[in-house]
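Structural characterization, general
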Amino acid sequence: MRRQTREVSYVVPVAKQVERQVPQTTFRPVTENKVVNYTVMVPQRVERQVTVPVCTMVPKQVTYAVPRHVRRVAAAAGNTNPKRKRGHSVFN
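Now for a description of the structure that goes with this document. (Residues numbered from 1 in each chain as written. Predicted model: local features only at pLDDT ≥ 70, side-chain atom pairs only at ≥ 80, totals over all residues. Heavy atoms only, no water.)

Looking at the overall build of the protein
Looking only at helices and strands, the protein features 1 helix and 0 strands. When burial is assessed residue by residue, the protein has 4% of its 92 residues classed as buried. Per element, the accessible surface of the protein, about 11400 Å² overall, is 52% carbon and sulfur. (Helix = DSSP H or I, 4+ residues; strand = E, 2+ residues; numbered from the N terminus. Buried < 20%, exposed > 50% of the residue type's maximum accessible area, 1.4 Å probe, protein only. Areas by Shrake-Rupley, 256 points an atom, 1.4 Å probe, with all protein chains shown as cover.)

Observations regarding a nonpolar patch on the surface
Nonpolar side chains collect at one region of the surface, where Val-36, Tyr-38, Val-40 and Val-42 lie side by side and expose about 480 Å² of accessible area between them. Position of Val-36 among the secondary structure elements: in the segment before α1 (68-76). (Patch = residues over 30% accessible without salt bridge, like charges linked within 9 Å, V, L, I, M, F, W, Y side chains within 5 Å. Salt bridge = Lys/Arg side-chain N within 4 Å of Asp/Glu carboxyl O.)

The following block contains the structure:
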């Protein structure tokens, strides 16, 4: 076996330094006095008369008839006078 040699050319990347001028904007804080007008709502008490609807209970006499089947149930339960409630006030 015989060895052969040959020359091979290749490229090696080399870093290139470049300097440029770049414009740069900087900001600095500046305090400014400014007048601002505004409205404030202040709570205050006001007395006035208002009409208020009022609901009241009024006693009413009610007369009703007890059905026969209810009378039989009441009698079976030991109530001897199921008609006793006829004409009573619903508020008593």
